[in-house]
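Inside the fold
Next come the chains, spelled out residue by residue.
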Amino acid sequence: MALMVTLGLIAVAAALLGLLVALLRGDSKTQHAKRPPGPKPWPILGSLHLLGQCESPFEALTEVGKMYGEIYSITLGTTPCIVVSSFPLIKEILITKGSHFGNRPNFLRFHMLFGGDRNNSLALCDWSDLQKTRRNIARLYCSPRFASVHYDNLDHVGCAEVVEFLAELSRVTKETREYKVKPLIQAACFNMFSQYMCSTRFAYDNTACAKVVRTFDDIFWELNQGYAVDFMPWLSPVYKNHMRLICTWSQTVRQFILSHIVDRQRLALDTSEEPRDFTDALLMHLQEDPNLSWEHIIFELEDFLGGHSAVGNLAMLTLAAVVRHPEVAKNVQKEVDAATGGSRNVNLFDKTVMPYTEATILEVLRTCSSPIVPHVATQDTTIAGYPVAKDTMIFINNYNLNHSEKYWEAPNEFRPERFIASGKVSKPEYFIPFSTGKRTCIGQRLAQGFTFILISSILQYYDVTSSNVASIRTYPACVAVPMDTFSLIFTPRNSAFVQSI
Ligand code: HEM
């Protein structure tokens, strides 16, 4: 009897303590009438100070999540935000209620990057009929289906550019032992995109092109950063110079695209023929669709050409990974040698018999965890029963998703094998490096195809190493590396071939 009374008292005390903790945290899970639990915001700053406690904001959001769980509220500046990290909740937001969460944050920087209006950008605009049209135009070219004519073209363009790239790499690495390869990789990726989308390529010593490639890379780096001014726009005078610089980037890109690509393409356009490429298709849509303007199609072309920067950065991250894990490089080389018999260049169609190489790129995507651009609620709605007010910003924490022991065995180890089952590539449904739903990445097939060609070709012909592996710096929850980044050593595996290119 005494035991029963004691247990009863303990139970009551525990329940009261739980209630007290919940009240202190603002936790209202029991009734779901309020926002999800989360840290109490400070005046003006909100909880921005918490994001500064780790190297990347997504690491910091993961740390905060350890206290509040898979869904929590956080106020950044004065913006109410919700952070989710479990796959069922992410699915609810991106798929089941995709149309309730189709908008993007209204950051000043985003406007500056896209000619004063972020709705010019496909990735940063709010959801609209225009966005639906722009995505539809892009789908055929930027998401080419396996065995389609566009997929063949992707292979053709990628492989042709790789020959030029290898020749240049061979030339420069004869003179320099340790080589900062990123600008050359970015130039090769730009040519893959400009050839695929505009039927144009540029010599590697073309200084105007080098400048625009650098500018695209600056933009890509910028998009991967977070600033206090995003949540406290009244700080913008402090960022005046930075904002001015950002504005010049969109002008540099615009001038180059018009004078080196679009003007020439317009003159050669024949509307009675099938479009030769994506630029032709855009120009033809402009003539047919009264809802599209000249600005719309030029911004769309710029956006997609800019995709090359993501590919170059992913290639750099993949090189960093194989240098850190030489056994992975050896496995890729074994696979590429077996696929080609050592007698021809690797191509995109070899991908079907090179699961380890594809899995290596997927493992890079998992470990670097490219952040998903925040979504914003378009209406009052709910997540997991919690009320969510219109304009609430939603962070999908795929860094947490990709590093959680709940989903991955030994998540901190680099193991491409985790993506292989019965000799084939196998991706769990909770692996969404390109996101999912209405606003999923349109360029994922291009990104994966070109990265595969580039990485497998480099490793087909070179051993890649570093004299100081520890100095190779990459950033958590970030698919970008700075332009002026690490150097690598490229040692020909078969000097007879390298001399012949
Ligand atoms: C490393 C390679 C890449 C990664 C990891 C990546 C990842 C992503 C992610 C996570 C999103 C956000 C989706 C969402 O908010 O739900 C996105 C959006 C987008 N991506 Fe990619 N991407 C890559 C390459 C590319 C390339 C090469 C292109 C263009 C050719 C591209 C075009 C886009 C566009 C236009 C959007 C915006 C879609 C929308 O908001 O409606 N991406 N990407």
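Right above here is the structure, for reference.
Residues numbered from 1 in each chain as written. Predicted model: local features only at pLDDT ≥ 70, side-chain atom pairs only at ≥ 80, totals over all residues. Heavy atoms only, no water.

Right, let's talk about the nonpolar core for a bit. Generally speaking, soluble globular proteins have nonpolar side chains that are buried together. With 152 residues, the main nonpolar core has Ile-185, Met-197 and Phe-278 as its most contacted residues. When residues of this core are assigned to their parent elements, the largest contribution, 16 residues, is made by helix H13 (residues 294-324). Once residues lying within four places of it in the same chain are set aside, the contact partners of Met-197 are Cys-142, Asp-277, Phe-278, Thr-279, Phe-304, Leu-305 and Leu-446. (Core = buried A, V, L, I, M, F, W, Y, C linked by side-chain atoms within 4.5 Å. Buried < 20%, exposed > 50% of the residue type's maximum accessible area, 1.4 Å probe, protein only. Helix = DSSP H or I, 4+ residues; strand = E, 2+ residues; numbered from the N terminus. Contact = heavy atoms within 4.5 Å.)

Time to look at the pattern of salt bridges. Scanning all chains against the criterion turns up 24 salt bridges. Between Glu-168 and Arg-171 there is a salt bridge, and its shortest N-O distance comes to 2.8 Å. Taken together, the positions of Glu-168 and Arg-171, both in helix H7 (residues 149-175) and 3 residues apart, correspond to about one turn of that helix. The partly exposed category is assigned to Arg-171, whose relative accessible area is 41%. One network of salt bridges, in which partners are shared, links Arg-109, Glu-222 and Asp-230. (Salt bridge = Lys/Arg side-chain N within 4 Å of Asp/Glu carboxyl O.)

Okay, the coordination of the iron atom of the ligand next. You will see that the iron atom of the ligand has only one donor from the protein, Cys-441 (SG), lying 2.3 Å away. Within the secondary structure, Cys-441 sits in the loop between strand S9 (424-425) and helix H17 (444-461). (Donors = N, O, S within 2.8 Å, 3.2 Å for Na, K, Ca; no water.)

The next point concerns the sheet that holds strand S1 (residues 71-76). Strand order in the open sheet made by the 4 strands is S1-S2-S7-S4, with mixed pairing throughout. The two strands at the open ends of the sheet, each matched to only one other strand, are S1 and strand S4 (375-376). For S1 and strand S2 (residues 79-84), the ladder comprises 6 bridges, and the chain directions are antiparallel. Residue Ile-74 lies in a different strand from S2, and its bridge partner there is Cys-81. The sheet strands contacting helix H3 (residues 57-68) are S1, S2 and strand S7 (393-396), and the helix crosses S1 at an angle near 125°. The strands touched by helix H4 (residues 87-96) within the sheet are S1, S2, S4 and S7, with S7 carrying the most contacts at an inclination of about 130°. (Pairing = 2+ DSSP bridges. Axes fitted to C-alpha atoms, helices over the stretch in contact; angles between N-to-C directions.)

Moving on, we come to unusual backbone geometry. Of note in this structure, Ile-44 is not a glycine but carries a positive phi near 65°. Relative to the assigned elements, Ile-44 resides in the loop between helix H1 (2-25) and helix H2 (48-51). Judged by its relative accessible area of 57%, Ile-44 falls in the exposed class. Located in the positive-phi region is Ser-422, a residue other than glycine, with phi close to 50°. As for its placement among the helices and strands, Ser-422 is situated in the loop between strand S8 (420-421) and S9.

This brings us to H4. Because each turn of an α-helix spans 3.6 residues, side chains separated by three or four positions in sequence point in the same direction. Every buried residue of H4 is listed here: Phe-87, Leu-89, Ile-90, Glu-92, Ile-93 and Leu-94. For H4, the secondary structure elements touched by its buried residues are S1, S2, S4, strand S5 (381-383), S7 and helix H16 (398-403).

Turning our attention to the site of the ligand. Surrounding the ligand, one finds 25 residues, the nearest of these being Arg-104, Arg-135, His-375, Ser-435 and Cys-441. For the ligand, an oxygen atom lies 3.3 Å from a polar atom in the backbone of Leu-122. A distance of 2.9 Å separates an oxygen atom of the ligand from a polar side-chain atom of Arg-439. Those elements that place two or more of their residues in the shell around the ligand are helix H6 (129-142), H13 and H17. Among the residues making up the shell around the ligand, the classes are represented as 15 nonpolar, 7 polar and 3 charged. (Near = heavy atom within 4 Å. Polar contact = N/O pair within 3.5 Å; in protein donor to acceptor, adjacent residues only side chain to side chain. Nonpolar A, V, L, I, M, F, W, Y, C, P; charged D, E, K, R; others polar.)

Take H13 next. With 31 residues, H13 should reach 45 Å at 1.5 Å per residue; the first-to-last C-alpha distance of 46 Å fits that figure. Summarising burial for H13: 26 of the 31 residues are buried, a large majority. (Expected span 1.5 Å × (residues − 1).)

Between helix H11 (residues 240-268) and H13, the shortest axis-to-axis distance is 11 Å and the interhelical angle comes to 105°. The angle between the axes of H11 and H13 places the two elements in the roughly perpendicular class. Two secondary-structure elements touch here, H11 through Val-253, Arg-254, Ile-257, Leu-258, Ile-261, Val-262 and Arg-266 and H13 through Trp-294, Glu-295, Ile-298, Phe-299, Leu-301, Glu-302 and Leu-305. Residue composition of the contact of H11 with H13, grouped by class: 10 nonpolar, no polar and 4 charged. (Parallel < 35°, antiparallel > 145°, perpendicular 65-115°, else oblique.)

So, on to the environment of Arg-276. Secondary-structure assignment places Arg-276 in the loop between H11 and helix H12 (278-288). In this structure, Arg-276 is in contact with Gln-265, Ala-268 and Leu-269, ignoring residues within four places of it in sequence. A distance of 2.6 Å separates a polar atom in the side chain of Arg-276 from a polar atom in the side chain of Asp-280.

This brings us to the sheet that holds strand S11 (residues 488-492). Spatial ordering of the open sheet is given by S3-S11-S10, a layout of 3 strands whose pairing is antiparallel. Strands at the two margins of the open sheet, each flanked by one partner only, are strand S3 (178-179) and strand S10 (462-465). Sheet analysis places S3 next to S11, joined by 2 bridges and oriented antiparallel. By the bridge assignment for S11, Glu-178 is matched with Ile-489. Contacts between H7 and the sheet are confined to S3, S10 and S11, with S10 contributing the most and set at about 60° to the helix.

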